[in-house]
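Descriptive structure summary
One letter stands for each residue in the lines below.
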Amino acid sequence: MSTPELDPNAPAAAREQAQREEHVTRQVVDSFENAPSARYREVMQSLVRHAHAFVRDVRLTEAEWEQAVAFLTRCGHLTDERRQEFILLSDVLGLSMLTIAVNEPVDPAATEATVLGPFFVEGAPEIGYGGDVASGASGQPCWVQGTVRSTDGAPVPTARLDVWEADDQGFYDVQRPDGRTAGRAHLFTDDEGRYGFWAVTPTPYPIPHDGPVGDLLAAAGRGPMRAAHLHVMVTAPGFHRLVTHVFVRGDAYQHSDAVFGVKESLVVDFEEQAAAVPNPTGRELDGTWTRAAFDVVLSPEAPQPPRGDVERASEDPDVNRP
């Protein structure tokens, strides 16, 4: 499509307006030209071009700009160590899944990745084989087991699995006011790459929608529900870190997940068992339980290029400090 600036048949006023707008964009792009980091310069100049193109494309009004600033300010006011509204915003806009798609190894043999989500917490307690991730989180008991292997089929011993999930009321422990740790833990695979743990059967739940992200969804006519899932992050030396989910087959929200995180390869059967059916650890149960198998395949870690100034700066706690 030709622009008014380039179209000789466009009215003079339209060409002048286009030139004025393009002049602003060129000034801002050029202001990053002397940045010491080539990567920083590339990212920021591209961001400016795309953001300015968006403003021109929709002919953004000043009132809409003010509304956007107010929206982001609300996101900032809600964000703290227990709630990350900006990650939630990234998730519902599909930016999180797109970033994963860009960075995920192109390896069809490896387990697929999905969103980290806003509720991961460092320092979850360690459990052994057969331990209980739930640790007091309410819900139907669930036994999860599997192996961690490399793409060549070799077991990966001592791989670390971080596991976290919501309870059957749809809340993560960090959303509870009592400060308890529940529904999260980490464990390691054995010499054969095997793991097994108790959790609670995942159930669908709404993402926090009492803030600006909820308002965004409501304005779009979209729902806040996430498909039932269990979060798993697997790390091992020499392998690409895997952040993924285990989804429950048959869940009603698999095709309308609020953060676009469902992948068919991650959907497994959670088979319900009667209390009297023997379970892998001999646990005493007074009601039904479920069991699921989820095998993980890790791809080898690719050699990393030299780290740029942007990455180093992000690790410096004093950078950009007011």
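Quick notes on the rules
Residues numbered from 1 in each chain as written. Predicted model: local features only at pLDDT ≥ 70, side-chain atom pairs only at ≥ 80, totals over all residues. Heavy atoms only, no water. Helix = DSSP H or I, 4+ residues; strand = E, 2+ residues; numbered from the N terminus. Buried < 20%, exposed > 50% of the residue type's maximum accessible area, 1.4 Å probe, protein only. Contact = heavy atoms within 4.5 Å. Areas by Shrake-Rupley, 256 points an atom, 1.4 Å probe, with all protein chains shown as cover. Lys, Arg positive; Asp, Glu negative; His and termini not counted. Charge placed at Lys NZ, Arg CZ, Asp CG, Glu CD. Phe/Tyr/Trp six-rings, centres within 6.5 Å; stacked < 30°, edge-to-face > 60°. Lys NZ or Arg CZ within 6 Å of the ring centre and 35° of its normal. Pairing = 2+ DSSP bridges. Core = buried A, V, L, I, M, F, W, Y, C linked by side-chain atoms within 4.5 Å. Axes fitted to C-alpha atoms, helices over the stretch in contact; angles between N-to-C directions. Parallel < 35°, antiparallel > 145°, perpendicular 65-115°, else oblique. Nonpolar A, V, L, I, M, F, W, Y, C, P; charged D, E, K, R; others polar. Salt bridge = Lys/Arg side-chain N within 4 Å of Asp/Glu carboxyl O.

Details of the overall build of the chain
In terms of regular secondary structure, the chain is built from seven helices and 12 strands. Counting only C-alpha atoms and orienting by the principal axes, one finds that the chain spans roughly 85 × 45 × 40 Å. For the chain, with 322 residues in total, the buried portion stands at 39%. For the chain, restricting intrachain contacts to residue pairs at least 6 apart in sequence, the fraction spanning at least 24 positions comes to 68%. Accessible surface, the chain: about 18200 Å² in total, of which carbon and sulfur atoms supply 55%. Distance between charge centroids for the chain: 4 Å, based on 27 positive and 49 negative side chains.

Some words on the packing of aromatic side chains
The geometry of an aromatic ring pair is captured by the separation of the ring centres together with the interplanar angle, meaning the angle of the planes. Evaluated as defined, the whole model comprises eight aromatic pairs. Geometrically, the ring pair formed by Tyr129 and Trp143 is edge-to-face, given 5.8 Å between the ring centres and 70° between the ring planes. In this pair, Tyr129 is assigned in the loop between α5 (95–103) and β1 (141–150) and Trp143 in strand β1, connecting sequence segments 14 residues apart. Chaining the aromatic ring pairs together yields one cluster made of Tyr129, Trp143, Trp198 and Trp289. Geometry around Trp198 places Arg283 over its ring, the cationic atom sitting 4.9 Å from the centre.

Some thoughts on the sheet that holds strand β7 (residues 229–235)
Read across the open sheet, the five strands follow the order β3-β2-β7-β8-β9; overall the sheet is mixed. Looking at the sheet topology across the chains shown, the edges are occupied by β3 (184–188) and β9 (267–268). Of the pairings in the sheet, the one linking β7 to strand β8 (residues 242–248) comprises six bridges and is antiparallel in character. Bridge pairing in β8 links Leu230 to Val246.

Description of the environment of Ile87
Within the secondary structure, Ile87 is located in helix α4 (residues 85–92). For the pair Ile87 and Cys75, spaced 12 residues apart in sequence, the C-alpha separation works out to 9.8 Å. Discounting chain neighbours no more than four positions away, the residues touching Ile87 are Ser96, Gly117 and Pro118.

Things to note about the nonpolar core
Membership of the largest hydrophobic core comes to 46 residues, with the highest contact counts inside it found for Val148, Leu161, Tyr195, Phe197, Leu230 and Val234. Broken down by element, this core gets its largest block of residues, four residues, from β8. Those residues in contact with Leu161 that sit more than four places away from it in its chain are Val148, Ala185, His186, Leu187, Thr189, Tyr195, Val232, Met233 and Val234. Core analysis: the second largest hydrophobic core is formed by eight residues, Phe119, Trp164, Tyr172 and Met233 among them.

Topic: the packing of helix α3 (residues 62–78) against α4
It is the contact of α3 with α4, at a shortest axis distance of 8 Å, that shows an interaxial angle of 130°. Comparing their axes, α4 and α3 come out oblique. In this structure, α3 contributes Phe71, Leu72, Cys75, Gly76 and Leu78 to the contact, and α4 contributes Glu85, Phe86 and Leu89. Broken down by class, the residue content of the contact of α3 with α4 amounts to six nonpolar, one polar and one charged.

A look at unusual backbone geometry
Here the phi dihedral of Arg59 falls at roughly 50°; this positive angle occurs in a residue that is not glycine. In this fold, Arg59 is placed in the loop between α2 (38–58) and α3. The phi torsion at Thr158 lies on the positive side, around 55°, for a residue other than glycine. The topology assignment puts Thr158 in the loop between β1 and β2 (160–164). Of the residues examined, Thr158 reaches a relative accessible area of 51% and is grouped as exposed.

Thoughts on the pairing of β8
Taking burial as the measure, the seven residues of β8 include seven buried ones, the bulk of the element. Side chains of β8 alternate between two faces, with Leu242, Thr244, Val246 and Val248 and Val243, His245 and Phe247 buried alike. Linkage of β7 to β8, two consecutive antiparallel strands, is achieved through a turn of six residues, within which Gly238 is found at a positive phi near 85°. Pairing of β8 with β9, which is carried by two bridges, proceeds in the parallel orientation. Note on β9: the bridge partner recorded for Phe247 is Val267.

A word on the pattern of salt bridges
A complete count under the given rule lists 17 salt bridges for this structure. Because the salt bridges share partners, they merge into one network encompassing Arg83, Glu85 and Asp210.

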